[in-house]
Amino acid sequence: MKILYDHQTFTLQNYGGISRYFFELIRYFNKSKDTDIDVSLLFSNNHYISDKRDINHIQFLPNNEFRGKQRLMLLINKIISIIRIKKQHFDLFHPTYYDPYFLKYIDQKPFVLTVYDMTHEKFSEMFLSNDPTTQNKRTLCEKASKIISISQSTKNDLIELFGIEESKIEVIYLGNSMVLDNTVDLDNTVPKKYILFVGSRSSYKNFDTFIKSASLLLREHSDLSLVCVGGGKFSNQEISLFEKLNIKNKVFQYNLKDKLLAQFYAKALMFVFPSLYEGFGIPILEAFACRCPLLCSNTSSLPEIAGDGAEYFNPYSEESIYNAMKKILENDEQRESLIKNGTQRLKSFSWEQTAKQTKEVYEGVLK
């Protein structure tokens, strides 16, 4: 069985859940004797695939001169993809995002599409009016031989919003890549007691509502801070909000690789995930893996994935978020219960399971 993945996510993302997902599939299939994997990629700065030890047969050519020139990389990699697709030296194609460029070249070869979430459809007002994602996604969903959805919640949204036949969609959960390395320690400048927020802080990630709730606790507890990992430096607008809330000196931002991020999870009093919507929510598994108490929204896929490993709140309510954080902050027994439940819940998710189930989908399409 020969599978071709394309360039899209490895050009668009340096880090991120989608490129992590495909990297883990490639790494697993590269060890399989009956599965031949190729990736139509020439230039990339993606962190995951830069390690040739894991995918050493793929011609990855990191080139620092291409940093900051994503459009040029995307154009070159798309041309490479088109050339590979035209050659037809594969049994099945699996695009890594929603650009339908390949449809005119794929001929009769089948393709499988993974749908990660329906954010663009449910929160269309948060995206540019000329954003093509929804139309591209709809087109590919209609033409795909099979659709992989990363949660039942996303599958339900696909059926409701696109009218996709239920039997065409297979739910396959993601896995965890986060490993806690206790030989790594945090810098002395990192606050000793902190609440953790991870990832993007824009739009549906609901950071503004969260920070207003957290500000009450930060003011009530003089030794408590908030640490944000990823998402880029604070904007002027965010800094102004911190000043207005009188917490400017209690909020910190770091950009980290996984080893250090794991320690930030492990040392946090709690990890708060206030997103209005997620297709899966990989940070849930990361928190579980690092024995960090999880608090998250009671919306979309989050309860499906977190199960009894989370303290839930209404992400639209500042009071609900505040009460949940206060409860866990002041109750050591409840924190330990979340850690125990999260550790147990994590056993239900693995990249090996993701890859095996994905392989079954491929085999079913090729029968």
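A brief structural summary. Small disclaimer: the values here were computed from a predicted structure and weren't measured.

So, empty space enclosed by the protein
The probe, sized like a water molecule, is rolled over the atoms to show the empty space still left.
So, point 1. Enumeration over the complete set of coordinates arrives at one cavity of 30 Å³ or more.
So, point 2. In this structure, the largest cavity encloses a volume near 30 Å³.
So, point 3. Lining the largest cavity we find Phe197, Val198, Ser200, Lys205, Phe273, Pro274 and Ser275.

Side note on the environment of Thr354
So, point 1. Tracing the chain through its elements places Thr354 in helix α14 (residues 351–366).
So, point 2. If sequence neighbours within four positions are ignored, Thr354 has contacts with Tyr21, Leu25, Ile172, Tyr173, Leu174 and Gly175.

What about the environment of Leu42?
So, point 1. Following the sequence through the fold, Leu42 ends up in the loop between β2 (36–39) and α3 (70–87).
So, point 2. In this structure, the C-alpha to C-alpha distance between Leu42 and Ile76, residues 34 residues apart in sequence, is 7.7 Å.

Side note on the packing of aromatic side chains
Each aromatic ring pair is characterised by the separation of its centres together with the angle its planes make.
So, point 1. With the rule as written, the count across this model stands at 28 aromatic pairs.
So, point 2. For the ring pair Tyr194 and Phe264, a centre distance of 6.2 Å and an interplane angle of 50 degrees mean the geometry is tilted. Taken together, the positions of Tyr194 in strand β7 (residues 194–198) and Phe264 in helix α9 (residues 258–267) put the pair 70 residues apart, joining distant regions of the chain. As far as the burial class goes, Tyr194 and Phe264 line up, both buried.
So, point 3. The interplanar angle of 55 degrees and the centroid separation of 6.1 Å between the aromatic rings of Phe207 and Phe210 together place this pair among those described as tilted. One end of the pair, Phe207, and the other, Phe210, are both in helix α7 (residues 207–220), three residues apart, so they sit about a helical turn from each other. In this pair, the class of Phe207 matches that of Phe210, namely buried.
So, point 4. Feature note: the residues Tyr5, Tyr21, Phe22, Tyr97, Tyr98, Tyr116 and Trp351 constitute an aromatic cluster, connected by ring pairs.
So, point 5. Positioned over the ring face of Phe90 is Lys109, at 5.6 Å from the centre of the ring.
So, point 6. Against the face of Phe207 rests Arg201, its NZ or CZ located 5.9 Å from the ring centre.

Section: the packing of helix α5 (residues 133–143) against helix α6 (residues 152–162)
So, point 1. Across the interface, α5 lies against α6 with an axial gap of 12 Å and an inter-helix angle of 95 degrees. Between α5 and α6, the crossing angle belongs to the class labelled roughly perpendicular. On α6, the residues touching Thr134, Lys137, Arg138 and Cys141 of α5 are Leu158, Leu161 and Phe162.
So, point 2. A breakdown of the residues in the contact of α5 with α6 according to their chemical character gives four nonpolar, one polar and two charged.

Some thoughts on the side chain of Asn46
So, point 1. Of note, Asn46 is situated in the loop between β2 and α3.
So, point 2. The class of Asn46 is buried, set by a relative accessible area of 0%.
So, point 3. Among the polar contacts listed, one links the side chain of Asn46 to the backbone oxygen of Gln13, at a separation of 2.7 Å.

Things to note about α9
In an α-helix, one turn spans 3.6 residues; hence positions three or four apart end up facing the same way.
So, point 1. Those residues of α9 that fall on the buried side of the exposure criterion are Leu261, Ala262, Gln263, Phe264 and Tyr265.
So, point 2. Each element contacted by the buried residues of α9 is listed here: β7, β8 (225–229), β9 (251–254), β10 (270–273) and α10 (282–289).

Looking at the sheet that holds strand β3 (residues 92–94)
So, point 1. Taken in spatial order, the three strands make up an open sheet running β2-β1-β3, and their pairing is parallel. In the strand order of this sheet, the two ends are held by β2 and β3, each with one partner. Mean inter-strand twist for the sheet, computed between neighbouring axes without regard to direction, equals 25 degrees.
So, point 2. Of the pairings in the sheet, the one linking strand β1 (residues 2–5) to β2 comprises four bridges and is parallel in character. Bridge assignment links Lys2 to a residue of β2, and that residue is Asp36.

Brief notes about the sheet that holds β10
So, point 1. If you walk across this open sheet you meet the six strands as β9-β8-β7-β10-β11-β12, and the pairing is parallel. Every interior strand has two partners, whereas the edge strands, β9 and β12 (310–313), have only one. Pairs of neighbouring strands in the sheet enclose a mean axial angle of 25 degrees, with direction left out of account.
So, point 2. Relative to β9, β8 runs parallel, the two sharing four bridges. Considered in β9, the bridge of Val229 is made with Tyr254.
So, point 3. On the sheet, α10 packs against β10 and β11 (294–297) and is oriented at approximately 170 degrees with respect to β10.

Basis of the calculations
Residues numbered from 1 in each chain as written. Predicted model: local features only at pLDDT ≥ 70, side-chain atom pairs only at ≥ 80, totals over all residues. Heavy atoms only, no water. 1 Å grid on protein atoms, 1.4 Å probe; cavity = no way out; pocket = protein on both sides within 12 Å on 5 of 7 lines; lining within 4 Å. Points joined across faces, edges and corners; volume = space filled by probe spheres on them. Helix = DSSP H or I, 4+ residues; strand = E, 2+ residues; numbered from the N terminus. Contact = heavy atoms within 4.5 Å. Phe/Tyr/Trp six-rings, centres within 6.5 Å; stacked < 30°, edge-to-face > 60°. Buried < 20%, exposed > 50% of the residue type's maximum accessible area, 1.4 Å probe, protein only. Lys NZ or Arg CZ within 6 Å of the ring centre and 35° of its normal. Axes fitted to C-alpha atoms, helices over the stretch in contact; angles between N-to-C directions. Parallel < 35°, antiparallel > 145°, perpendicular 65-115°, else oblique. Nonpolar A, V, L, I, M, F, W, Y, C, P; charged D, E, K, R; others polar. Polar contact = N/O pair within 3.5 Å; in protein donor to acceptor, adjacent residues only side chain to side chain. Pairing = 2+ DSSP bridges.

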